[in-house]
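Here are the chains, one letter per residue:
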Amino acid sequence: MALTHGGNGAGNLDKHRGGVKREEREMWNEKWWVAYQGVPGAYSELAARTACPGCFTLPCRTLTGAVLAVESGEADRAVLPVESTMDGTALRNYDILLRHDVRVAREITLFVRYCLLALPGVRKAGLRRVMSHPVALAHCGRALARLGVDREPVEDTAGAVRLLSTRRMFDAAAIASARAGEIYGLDVIDEGVQDEAWNTTRFLIVSRDGEVGAGARAPKKTSMVVAHAGDDAMAMLRRVLSAFASRGVNLTKLEWLKGRRLRVFARVMVVDFEGSVEEEENVREAVKEVEESAAFVRVLGCYASDRTVYNLE
Ligand SMILES: O=C(O)C(=O)Cc1ccccc1
């Protein structure tokens, strides 16, 4: 079932669920619906299946559509890629989290090994263009330069594979997962085509209420966005660092969101730290201290810390 951007198909899913309320579904341990941007075989879908084995996945045209599906109750979870080892944080995806009423429930990191996929019989020498998600094209710049092909960005990696397959494009290849090749009947003509051998992507899994049940006893971490009205970035940085350092709370990420985000605020940063505002007093105090000097603070969620790098292929 495809969900278009802004669509609210809650009625559709109610048909699958027999109109049963959320609490009752949880009691019966009914499988979750996890929304993601792309089509089956996209890395985000593989992340959803790895994080929530046996879940139903809900393909969406855009990331905003996936988050809206959670907000509207159509899906239980949505998956968002937020950073990769090769090019850092996908800052625009944090904007999406800020604009919607969802909480981070989990993190999952996947090892991403890109394949070059083409219709059976196609050889590298015959390729004129390669299609994929813009991030995947950027991660494979050297291989693409060697091939001397045009780069054609599309909405997701598996979408490129499906397009190639349905349009029978014999002069094109796609960069995507081997799983996408299996689903749409393309052959792997090369693999591990990313510029750096070590390439992982971290995804956040969001829900309406944050984490429910799973991993409740694992060490926690918290993601937070802080905005400051003035232009003094150093002063803001010092205050945030001191609030956490003075209470012995470890930061796992601190990054400025570039551009004028949240409209009115001059400076906005993402801060991830160990511990939970819900469960630990020193963490709560650190956040309170940041709140006292910041113009805006939003805790995106407290969730089980997961440092595992999951292997797909
Ligand atoms: O296009 C996909 O398959 C996605 O899920 C987005 C993406 C693209 C490249 C690396 C990780 C996630």
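- Going by an unreviewed UniProt entry, the chain carries the name Prephenate dehydratase and comes from Acorus calamus.
- Under the UniProt heading Subcellular location (unreviewed entry), the note attached to the chain is "Plastid, Chloroplast stroma".

**A word on the site of the ligand**
Next, step 1: Around the ligand sit Ala42, Tyr43, Ser44, Tyr114, His133, Asp156, Thr157 and Thr201, and those are all the residues in its vicinity.
Next, step 2: Contacts to the ligand include Tyr43, whose backbone N or O atom sits 2.8 Å from an oxygen atom.
Next, step 3: A distance of 2.6 Å separates an oxygen atom of the ligand from a polar atom in the side chain of Ser44.
Next, step 4: For the ligand, whose accessible area on its own is 320 Å², the fraction buried by protein is 96%.
Next, step 5: With respect to the pocket detection grid, the ligand is positioned in the largest pocket.
Next, step 6: Here the shell around the ligand is built from residues that sort into three nonpolar, four polar and one charged.

**Describing empty space enclosed by the protein**
Next, step 1: All chains considered together, the criterion is met by one cavity of 30 Å³ or more.
Next, step 2: Here the largest cavity defines a volume of roughly 40 Å³.
Next, step 3: Forming the boundary of the largest cavity are Val226, His228, Met236, Arg239, Val240, Val290, Ser293 and Ala294.
Next, step 4: In terms of residue count, the dominant contributor to the lining of the largest cavity is helix α10 (residues 233–245) (three residues).

**Structural notes on the pattern of salt bridges**
Two side chains with opposite charge may pair up if their charged atoms get near one another.
Next, step 1: The final tally for this structure, using the stated rule, is 20 salt bridges.
Next, step 2: The residue Glu274 makes a salt bridge to Arg307 at a minimum N-O spacing of 3.2 Å. Separated by 33 residues along the polypeptide, Glu274 in strand β14 (residues 267–274) and Arg307 in the loop between β15 (296–304) and β16 (309–311) bring together distant segments of the chain.
Next, step 3: According to the relative accessible area criterion, Arg307 is exposed, its value standing at 69%.
Next, step 4: As a salt-bridge pair, Arg284 and Glu281 come within 2.8 Å of each other at their nearest N and O atoms. Separated by three residues within a single helix, Arg284 and Glu281 lie in helix α11 (residues 281–293), roughly one turn from each other.

**Observations concerning the layout of surface pockets**
Next, step 1: Taken as a whole, the largest pocket encloses approximately 720 Å³ of empty space.
Next, step 2: Only α3 (43–51), β3 (77–84), β4 (88–89), α5 (91–99), α6 (134–139) and β11 (200–207) provide two or more residues apiece to the lining of the largest pocket.
Next, step 3: Among the residues making up the lining of the largest pocket, the classes are represented as 14 nonpolar, 10 polar and six charged.

**Remarks on the nonpolar core**
Next, step 1: Among the nonpolar cores identified, the biggest contains 48 residues, and Tyr114, Val130, Val161 and Ile175 are the most heavily contacted of them.
Next, step 2: Not counting residues up to four positions away in its chain, the partners in contact with Val161 are Leu117, Ala174, Ala176, Ala180, Gly181, Tyr184 and Leu186.
Next, step 3: Formed by 30 residues, the second largest nonpolar core is a distinct cluster that contains Trp33, Cys60, Tyr94 and Val104.

**Some details on the sheet that holds strand β9 (residues 172–176)**
Next, step 1: Pairing within the open sheet is mixed, and its five strands lie in the order β8-β7-β9-β6-β10. The open sheet is flanked by β8 (150–153) and β10 (187–191), the only strands paired with a single partner. Here the strands of the sheet are splayed against their neighbours by 30° on average, with no regard to which way each runs.
Next, step 2: Across three bridges, the pairing between strand β6 (residues 115–118) and β9 is antiparallel.

The rules behind the values
- Residues numbered from 1 in each chain as written.
- Predicted model: local features only at pLDDT ≥ 70, side-chain atom pairs only at ≥ 80, totals over all residues.
- Heavy atoms only, no water.
- UniProt positions renumbered as here; feature names shortened; annotations may be inferred.
- Near = heavy atom within 4 Å.
- Polar contact = N/O pair within 3.5 Å; in protein donor to acceptor, adjacent residues only side chain to side chain.
- Areas by Shrake-Rupley, 256 points an atom, 1.4 Å probe, with all protein chains shown as cover.
- 1 Å grid on protein atoms, 1.4 Å probe; cavity = no way out; pocket = protein on both sides within 12 Å on 5 of 7 lines; lining within 4 Å.
- Sits in = over half its atoms within 2 Å of the grid points.
- Nonpolar A, V, L, I, M, F, W, Y, C, P; charged D, E, K, R; others polar.
- Points joined across faces, edges and corners; volume = space filled by probe spheres on them.
- Helix = DSSP H or I, 4+ residues; strand = E, 2+ residues; numbered from the N terminus.
- Salt bridge = Lys/Arg side-chain N within 4 Å of Asp/Glu carboxyl O.
- Buried < 20%, exposed > 50% of the residue type's maximum accessible area, 1.4 Å probe, protein only.
- Core = buried A, V, L, I, M, F, W, Y, C linked by side-chain atoms within 4.5 Å.
- Contact = heavy atoms within 4.5 Å.
- Pairing = 2+ DSSP bridges.
- Axes fitted to C-alpha atoms, helices over the stretch in contact; angles between N-to-C directions.

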